[in-house]
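Residue-level structure breakdown
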Amino acid sequence: MARYVESIGWELRSDYELFVSQSVWQECAAGDPVAAQKRLAVLEEIPVLAVTQDMIRLAGSLIEQAIIPAKAIEDALHIVVSTLHHVDFLLTWNCRHIANPVIQEKIAMYLEQFELFLPIICTPEELLGGNDDD
């Protein structure tokens, strides 16, 4: 199963096929140069999903439809990249605009008109579950 990730419990990463987008690379490259280099080193072996003009347009339409706020265009792009690459899960710690069930419902309804299906969006903890699952 394909997984698009911003982060995941690294000890379990070999259980999944991981992908990142160019947007994730750019976010990881920002900030303190030493920390950025460490983040990018982790991503080196993870395939990067291409971002197309169609994806940029669709992300823009999520903004135009007021489903996602204009200030969150990168969040819209994360969602669209995972959708159009047909990944199973989009993992994120962003619960404001991405892992937000109210927004997800609106996105899913909007995407249905294009016969597109929203991946399951959750935090890594939600996907992996807790350690007390006896």
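We now examine the overall build of the protein. Within the protein one finds six helices and five strands. Reading the protein from its N end, one meets helices and strands in the order β-β-α-α-β-α-α-β-α-β-α. Per-residue burial for the protein yields a buried fraction of 44% across its 134 residues. Intrachain contacts of the protein at a sequence separation of at least 6 include 61% that bridge at least 24 residues. Here the protein has roughly 7900 Å² of accessible surface; of this, 52% comes from carbon and sulfur atoms.

With respect to burial, strand 2 (residues 17-21) is a largely interior element, four of its five residues being buried. Two elements, strand 2 and strand 3 (residues 48-49), share two bridges in a ladder whose sense is parallel. Across the sheet, the residue bridging to S21 is L49, located in strand 3.

Within helix 1 (residues 22-29), the full set of buried residues consists of S23, V24 and C28. Angularly, the buried residues of helix 1 cover 135° about the axis, an arc narrow enough to put them on a single face. Downstream of helix 1 by one or two residues, G31 has phi in the positive range, about 85°.

This part is about the nonpolar core. In terms of nonpolar packing, the biggest core is built from 26 residues, with L62, I67, I68, I79, I107 and I121 touching the most fellow members. Broken down by secondary-structure element, the contributors of at least two residues to this core are helix 3 (53-64), helix 4 (73-84) and helix 5 (101-112). Apart from the residues lying within four places of it in its own chain, the contact partners of I121 are I79, L90, T92, I98, A99 and Q104. The next biggest cluster of nonpolar side chains, apart from the first, holds seven residues, and it includes V20, V24, C28 and I46.

Conventions and cut-offs
- Residues numbered from 1 in each chain as written.
- Predicted model: local features only at pLDDT ≥ 70, side-chain atom pairs only at ≥ 80, totals over all residues.
- Heavy atoms only, no water.
- Helix = DSSP H or I, 4+ residues; strand = E, 2+ residues; numbered from the N terminus.
- Buried < 20%, exposed > 50% of the residue type's maximum accessible area, 1.4 Å probe, protein only.
- Contact = heavy atoms within 4.5 Å.
- Areas by Shrake-Rupley, 256 points an atom, 1.4 Å probe, with all protein chains shown as cover.
- Pairing = 2+ DSSP bridges.
- Arc of directions from axis to C-beta.
- Core = buried A, V, L, I, M, F, W, Y, C linked by side-chain atoms within 4.5 Å.

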